[in-house]
Amino acid sequence: MPTRAETNERAASLRALFEAQGAAVVEPPILQPADTLLDLYGEDIRARAYITSDALRGEQMLRPDFTVPVVQMHMAHGAEPARYTYAGEVFRRQEQDPERANEYVQVGYEVFDRTDPAAADAEVFALIAEALKGQPVTPITGDIGILMAAVSGLETTDDRKAALMRHIWRPSRFDALLNRFAGRTPVPETRAALLAGEVTTDAPHIGLRSGAEIDRRIAALRADAEAPPISAEQVARIETLLAVKGTLTDALVKLQTLAQDLPEIAEAVARLAARAAALAARDIPTDALPFAASYGRTSMEYYDGFVFGFQADAHPDWPEIATGGRYDALTRRLGNGAEIPAVGGVMRPGLMLELEADR
Ligand SMILES: N[C@@H](Cc1c[nH]c[nH+]1)C(=O)O
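What comes next concerns the included structure. On a predicted model such as this, the values are computed, not experimentally measured, just so you know.

**Observations regarding the overall build of the chain**
In terms of regular secondary structure, the chain is built from 15 helices and 12 strands. For a compact globule of 359 residues, the expected C-alpha radius of gyration is about 21 Å, and the chain comes in at 22 Å, within 12% of that figure. For the C-alpha atoms alone, the extent of the chain along its principal axes is close to 65 × 55 × 45 Å. Put simply, the chain has 359 residues, and 47% of those count as buried. Counted over contacts in the chain with a minimum sequence separation of 6, partners at least 24 positions apart contribute 71%. Element-wise, carbon and sulfur atoms account for 52% of the exposed surface of the chain, whose accessible area totals about 17800 Å². In the chain, 37 side chains carry a positive charge and 53 a negative one; their mean positions are 2 Å apart.

**Considering the sheet that holds strand β2 (residues 31–33)**
Strand order in the open sheet formed by three strands is β2-β4-β3, with antiparallel pairing between adjacent strands. Both outer strands of the open sheet, β2 and β3 (51–54), are each paired with one neighbouring strand and no more. Between one strand axis and the next, the sheet turns through 40° on average, direction left out of account. As paired elements, β2 and strand β4 (residues 58–62) share three bridges and run antiparallel to each other. The partner of leucine 31 across the bridge, within β4, is leucine 62.

**Section: the pattern of salt bridges**
What the rule picks out here adds up to 23 salt bridges. A salt bridge links arginine 10 to glutamate 356; its shortest N-O distance comes to 2.9 Å. Here arginine 10 is found in helix α1 (residues 4–19), whereas its partner glutamate 356 is found in helix α15 (residues 349–358), with 346 residues between them in sequence. In this structure arginine 10 comes out as partly exposed when scored by relative accessible area, which is 22%. With its nearest N and O atoms 2.9 Å apart, the salt bridge here joins arginine 237 to glutamate 233. Residue arginine 237 and its partner glutamate 233 are both found in helix α11 (residues 232–243); the two are separated by four residues, about one turn of the helix. Overlapping salt bridges bring together Asp121, Asp143, Arg275, Arg326 and Asp328 as one network.

**Some details on the nonpolar core**
Membership of the largest hydrophobic core comes to 103 residues, with the highest contact counts inside it found for Ile128, Leu132, Leu164, Leu255, Ile321 and Met347. If near-sequence neighbours (up to four positions away) are discounted, isoleucine 321 is found in contact with Leu132, Val137, Phe310, Ala312, Val346, Met347, Arg348, Leu351, Met352 and Leu355.

**Quick notes on the site of the ligand**
Neighbouring the ligand are 16 residues; Asp65, Thr67, Arg92, Glu110 and Tyr303 lie closest to it. One of the side-chain nitrogen or oxygen atoms of tyrosine 303 is found 2.6 Å away from a nitrogen atom of the ligand. Glycine 345 places a main-chain nitrogen or oxygen 3.2 Å from a nitrogen atom of the ligand. Contact with the protein chains hides 97% of the accessible area of the ligand, taken as 300 Å² for the molecule alone.

**What about the environment of proline 188?**
Within the secondary structure, proline 188 is located in the loop between α8 (171–181) and α9 (189–195). Taking relative accessible area as the criterion, proline 188 reaches 34% and is therefore assigned partly exposed. Remark: the alpha-carbon pair of proline 188 and alanine 273, spanning 85 residues in sequence, is separated by 42 Å.

**What to know about the pairing of β4**
Of the strand pairs in this sheet, β3 and β4 are connected by four bridges, and their pairing is antiparallel. Directly across from threonine 52, in β4, lies its bridge partner glutamine 60.

Definitions and limits used
Residues numbered from 1 in each chain as written. Predicted model: local features only at pLDDT ≥ 70, side-chain atom pairs only at ≥ 80, totals over all residues. Heavy atoms only, no water. Helix = DSSP H or I, 4+ residues; strand = E, 2+ residues; numbered from the N terminus. Rg over C-alpha atoms; globule rule 2.2 N^0.38 Å. Buried < 20%, exposed > 50% of the residue type's maximum accessible area, 1.4 Å probe, protein only. Contact = heavy atoms within 4.5 Å. Areas by Shrake-Rupley, 256 points an atom, 1.4 Å probe, with all protein chains shown as cover. Lys, Arg positive; Asp, Glu negative; His and termini not counted. Charge placed at Lys NZ, Arg CZ, Asp CG, Glu CD. Pairing = 2+ DSSP bridges. Axes fitted to C-alpha atoms, helices over the stretch in contact; angles between N-to-C directions. Salt bridge = Lys/Arg side-chain N within 4 Å of Asp/Glu carboxyl O. Core = buried A, V, L, I, M, F, W, Y, C linked by side-chain atoms within 4.5 Å. Near = heavy atom within 4 Å. Polar contact = N/O pair within 3.5 Å; in protein donor to acceptor, adjacent residues only side chain to side chain.

Structure, rendered in structure tokens:
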């Protein structure tokens, strides 16, 4: 294990690399407001944040990442375009694997630039790939925007689309919902009874939900039961899409073909094509770069476009050495009416040093 000093030293030299690209150094506080910011992260990180409270400031969390505070800071007073870099600890509780660090150093780079999003995606990826050059790691890329476009293009009720959209981040829940909406799995017995009116809700009220909430939920379930199933053809297209995997070059061809039957993904696929060209322009061999349409579904829920990661070849059980992605919608949520396309990524100097010590 590298010492803290060694890790910090590597972090400083990686941050210097990003500074040399014109990024401004930022140092968001370790304590962040939990109540307003925590829901931007998604279920996994929410469950793993260290939360504490303060009589004056209310709920506070130890920062689980830098992206959210950096976006907040940029949207409050950043001039654009802007590039930022940072190095410091993030904190996430580990519930399953005690071997995984609950506190570790990240070095990151974030780009807020509306001129050419594809070029910005490629810039972030290429800089991180360059910083990892020579390390035994393999990249993987994906695109959450294509999935989102496919879901929002489904011919079904808005409630069903919203439910699928929420569960993009929980692949097995997503599959179960899709099967249910397609009428491929039977409605659970208890729900069938509820819908048939066989269960009354005049039992003593002991739960957290109010009576009105329960009634609303039952009405929503009834409306859902009356909606026609999503067609087998549409479900098959989503499944074909999710299974797309291969080199970026090959995956792009498959997705372009699929877009002929699924016009709603055409724009997102065109963005992928532009990104592939921008990556090639930065000397990334796209005919060898892995792409998987389902990659990125278990990471930060603020991603809505390009996603990428680098995995240590000899340690498939380790967390990724570097990860990142595009988060345009997050800037809107924190922007008070403003928004700007944004993308970034982080590296883990501690894991990089461990990898080097391996050899
Ligand atoms: N903040 C993300 C990484 C990232 C930076 N910029 C975009 N994504 C994480 O901690 O996983």
